[in-house]
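Understanding the architecture of this molecule
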Amino acid sequence: MSSFTALSKIGMIRLMFREKSKLLVWFVEVGKEDIPLVGGKGANLGEMTKASLPVPPGFIVTAEAYYEFLRANKLDVVIKKELSNIDPEASKKLSSISETLQKAIKSHPLPGKLAKQIEKSYDDMGKGPVAVRSSATAEDLPQASFAGQQATFLNIEGHEKLIRAVRECWASLFEARAIYYRAINKFDHLKVGIAVPVQKMVQSEVSGIMFTADPVTSDTNKIVIDAGMGLGEAIVSGSVTPDHYVVDKKTMEIVSKEVSKQSWQIIRNKAGANVHVSSPKDKLEGQKLSDEQIVKLATLGHKVEEHYRAPQDMEWAFEGGSFYMVQSRPITTLNKEATLEGATHVAEPVDLVKSKQKTEEIAGAEVLVTGAAASVGRASGPVKVIHKPSEIDQVLEGDVLVTEMTSPDYVPAMRRAAGIVTDTGGSTSHAAIVSRELGIPCVVGTGTATHVLKTGQVVTVDGRSGKVYKGKIAIEKSESPTLTARPSGGYVTAVPVTATKVYLNLAEPSKADEYAQLPVDGVGLMRAEFIIANIGEHPHAMMASGRSKEYVQKLSEGIGTIAQAFNPRPVVYRFTDFKTNEYKSLKGGEKYEEQENNPMIGYRGASRYILDPEEFALEIEAIKAVRDGMDLKNLHVMIPFVRRVDEFTRVRDLMHKNGLKQGPDFKLWIMVEVPSTIFEIQKYIDEGIDGISIGSNDLTQLILGIDRDSSKLANEFDERYPAVMGAMIHVIKQCRKAGVTASICGQAPSVYPEVTEALVKAGTTSVSVAPDVAISTRKLIASVEKKLILSHVIDG
């Protein structure tokens, strides 16, 4: 018998006969009828516990405790005053009120008696790490699916942090999205309480989500499971792409499996902190659950459904050979016709169910973007492109909301929208679920909508075919809802908006238009070497033959192609960093390049421009041709391999001499890849640099004294070595302190989540990565940022 089971069945059974405390109850003391006291989440945890389902034990700080806290501090009066006659559509005013109320709640201590009761119950449960969740009294009801409005904190340990987390959960009842939801549903703000379940933490080896009916097709004969390694936070938030399994409920046979590579996961380290770590190499691409485990979990899900007599949306965890249910709520987005008793069995796998509408385009209509069908229906309206929740007030009644992804903060705008289109997302993404509930046509996972569609442009969103058409298309009255299938390309998860920008490393102009469709913020490292290699001739050879203008023209065309594709997003061009052996391979190069024993630390970067100002002048002319001739002011420059401060100033002087000067719309960065720049970063800041980008490959090579191309020393070449990490963190902190942009363009952020977490925590402004890992890197950053925000809240 596991320690969880023992605590649930033995240590708590005596509590069933004890009179319920109004301020605190154990899971085993409550059930589905206790929603007013413990909220939907708390009631479901209690219900599953009493049904002998595998639920980690815990207790609940009740809604009555929350109300007592309000009354003791007269906060009920403040809430009533602030929220009387509130206009939920006035987004900015709503945000201001939200901030005021949350601050008021966080500034008052819990009543002493309640705090002691919470601490004692925590001690009685064996102390250790717990999950602290929110359970609003109107949350997880069959009429709505707005779970996630309130806060959740994982791996909380100790009295002080536990008490703080409870108060933070209470405060989250007044986040703007939660206030909005209550207002439009006409719930009395003071009659919607919040309970706080405190539950023994499962240190998940694998975790995920399970639906006991397909949420897209409403097929109640299928069980849908998403599974990923580590704590469930990354899977539930969509930060990683999980495995996707479909099981036939009647036969318990696996219908389909989609296995996804998971390069990182969230775990609890020895110090008790949630950290992002690289997945073990032997588990990167394997199936997260065995077939036997999939069937066992599906059987457990079916048991939960039978208990509730309704399809369920569950969160689960797997640790030490056992499955645990950590949450269950009704699926609210199924077609009304799809009931457990009346559902028609679909013989073939869900992924093979096709809609006639999905395979046909509207005759004569131009398709602008295509994605996954998420919510049936067709609607037309003007496009409104937004990128963050603070912009939702721009979305007016009847607009087509276009964004990278949605979150609960977008709900006010989603309600006003005629249709919704996202760059990313799958059938279980926030946009898909909420759109289905609201009855709004929705297309998710287009990949390019925010770049292809323009604000003000009239489009038609067809939520059944997964297409967005140009112009307004009449809706045929004969149309009727049909089943839509999951996209055959596999499971796609939402790509979140992040405070830390994600840029691309890009060198090939022919790929610019393709990569510009990715959900990135620009180009953080544009390399000229590929363009020069395509020119094929040494610059000096062309100069000697009187073809300097041809060189400038070809170079500017390549640079301009990339700048144009990403305009108005910034493109940071790194001046040429060819090494002598690379220049020597160009036509005519033998005449102009000397033999060097170690080109990697030889005649390259800033020193080359100083010693060869004529060649550098041609490169400057190419930059001017793009910025002035093509009017692409999104192009900026970066000086590579800077060894000394006087090198930087001399190169800058050469730029000024040739008519290229820093200004409000033209930024000058340096690469930080030589250790001297780490020690002297303040001097560069004093000289007026606008930004830095860490070249982690060269920096690691020079700090560790390891040739990065050496196969024998490959295992020793590691950007995570403390001296390298310390150098990177130091320079980022110094730059952020001075208000200077700090970035990194090496491979480390996309390979090692530990590096990304450390740099984001240090305050890096952006990371620049290869196109193939841009989306996964943004998801990783979003997860890190969320963790840092929660850590800041709990740790004060």
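This text goes with the structure placed above it.
Quantities reported herein were computed from a predicted structural model and do not represent experimental measurements.

The next subject is the packing of aromatic side chains. For the coordinates displayed, the defined rule picks out 12 aromatic pairs. Here the aromatic rings of Phe648 and Tyr684 are separated by 6.1 Å at their centres, their planes lie at 65°, and the arrangement is edge-to-face. Of this pair, Phe648 sits in helix α23 (residues 645–657) while Tyr684 sits in helix α25 (residues 681–686), and the two are 36 residues apart along the sequence. The pair formed by Phe648 and Tyr684 is uniform in burial state, with each residue classed as buried. What links up through ring pairs into an aromatic cluster is the set Tyr66, Tyr67, Phe69 and Trp170. Taking the ring centre of Phe174 as reference, the NZ or CZ of Arg182 above it sits at 5.2 Å.

Once that is clear, we can look at the nonpolar core. Formed by 93 residues in total, the largest nonpolar core has its most connected members in Ile559, Phe566, Tyr573, Phe575 and Ile692. If one sorts the elements of this core by residue count, helix α18 (residues 548–566) sits on top with 8 residues. Leaving out residues up to four positions away in the same chain, Phe566 has contacts with Leu504, Leu506, Ala512, Tyr515, Ala516, Val520, Gly522, Val523, Val571 and Asn634. Formed by 52 residues, the second largest nonpolar core is a distinct cluster that contains Tyr66, Leu83, Ile156 and Ile184.

Strand order in this open sheet of 8 strands is β29-β28-β27-β26-β25-β24-β23-β30, and the pairing throughout is parallel. The open sheet has two free edges, formed respectively by β29 (741–744) and β30 (766–769), since each of these has just one partner strand. Adjacent strand axes in the sheet meet at a mean angle of 25°, parallel and antiparallel pairs treated alike. Bridging between strand β27 (residues 668–672) and strand β28 (residues 691–694) involves 4 bridges; their strand directions are parallel. Bridge pairing in β28 places Val672 opposite Ile694. Of the strands in this sheet, β26 (635–639) and β27 are in contact with α23, which crosses β27 at around 145°.

Moving on, we come to the pairing of strand β7 (residues 206–211). Most of β7 sits inside the fold, with 6 of its 6 residues counted as buried. Neither face of β7 is exposed, since Val206, Gly208 and Met210 on one face and Ser207, Ile209 and Phe211 on the opposite face are all buried. The pairing of β7 with strand β8 (residues 222–229) spans 6 bridges and is antiparallel. Bridging across to β8, Phe211 finds its partner in Val224.

A complete count under the given rule lists 30 salt bridges for this structure. Lys511 is paired through a salt bridge with Glu514; the nearest N and O atoms lie 3.5 Å apart. Assessed through its relative accessible area of 34%, Lys511 is described here as partly exposed. Note on Glu514: relative accessible area 47%, which makes it partly exposed. Sharing partners across several salt bridges, the network here consists of Glu537, Arg547, Glu550 and Lys554.

Time to look at the side chain of Thr212. Along the chain, the position of Thr212 falls in the loop between β7 and β8. What makes Thr212 buried here is its relative accessible area of 0%. At 2.7 Å, the side chain of Thr212 and the backbone nitrogen of Gln312 are in polar contact. Not counting residues within four places of it along the chain, the set of residues in contact with Thr212 comprises Thr220, Lys222, Ile223, Lys249, Gly301, His302, Glu305, Pro311, Gln312, Met314 and Ile331.

Strands sit in the order β15-β22-β21-β17-β18-β19-β20-β16 across an open sheet of 8 strands; the sheet is mixed. Each edge of the open sheet is held by one strand with a lone partner, namely β15 (367–370) and β16 (372–375). Mean inter-strand twist for the sheet, computed between neighbouring axes without regard to direction, equals 30°. Where strand β18 (residues 400–403) meets strand β19 (residues 419–422), 4 bridges bridge the pair, whose relative direction is parallel. Note on β19: the bridge partner recorded for Val400 is Gly419.

The interhelical angle for the contact between helix α5 (residues 91–106) and helix α8 (residues 176–184), taken along N-to-C directions, is 115°, at an axis separation of 9 Å. In terms of axis orientation, α5 runs roughly perpendicular to α8. The hand of the α5/α8 crossing is right-handed. Across from Leu94, Ser95 and Ser98 in α5, the residues of α8 making contact are Ala176, Ile179 and Tyr180. When its residues are assigned to classes, the contact of α5 with α8 shows 4 nonpolar, 2 polar and no charged.

Time to look at unusual backbone geometry. Going from Asn567 to Pro568, the amide bond is cis rather than trans, its omega being 10°. When you line up the elements, Pro568 lands in the loop between α18 and β25 (571–574). Its identity as a non-glycine residue notwithstanding, Lys127 has a phi of 55°, on the positive side. Here Lys127 is to be found in the loop between α6 (112–124) and β3 (130–133). Residue classification places Lys127 among the partly exposed residues on the basis of a relative accessible area of 44%.

Reading the values: rules and limits
Residues numbered from 1 in each chain as written. Predicted model: local features only at pLDDT ≥ 70, side-chain atom pairs only at ≥ 80, totals over all residues. Heavy atoms only, no water. Phe/Tyr/Trp six-rings, centres within 6.5 Å; stacked < 30°, edge-to-face > 60°. Helix = DSSP H or I, 4+ residues; strand = E, 2+ residues; numbered from the N terminus. Buried < 20%, exposed > 50% of the residue type's maximum accessible area, 1.4 Å probe, protein only. Lys NZ or Arg CZ within 6 Å of the ring centre and 35° of its normal. Core = buried A, V, L, I, M, F, W, Y, C linked by side-chain atoms within 4.5 Å. Contact = heavy atoms within 4.5 Å. Pairing = 2+ DSSP bridges. Axes fitted to C-alpha atoms, helices over the stretch in contact; angles between N-to-C directions. Salt bridge = Lys/Arg side-chain N within 4 Å of Asp/Glu carboxyl O. Polar contact = N/O pair within 3.5 Å; in protein donor to acceptor, adjacent residues only side chain to side chain. Parallel < 35°, antiparallel > 145°, perpendicular 65-115°, else oblique. Left-handed = near helix turned anticlockwise from the far one by under 90°. Nonpolar A, V, L, I, M, F, W, Y, C, P; charged D, E, K, R; others polar.

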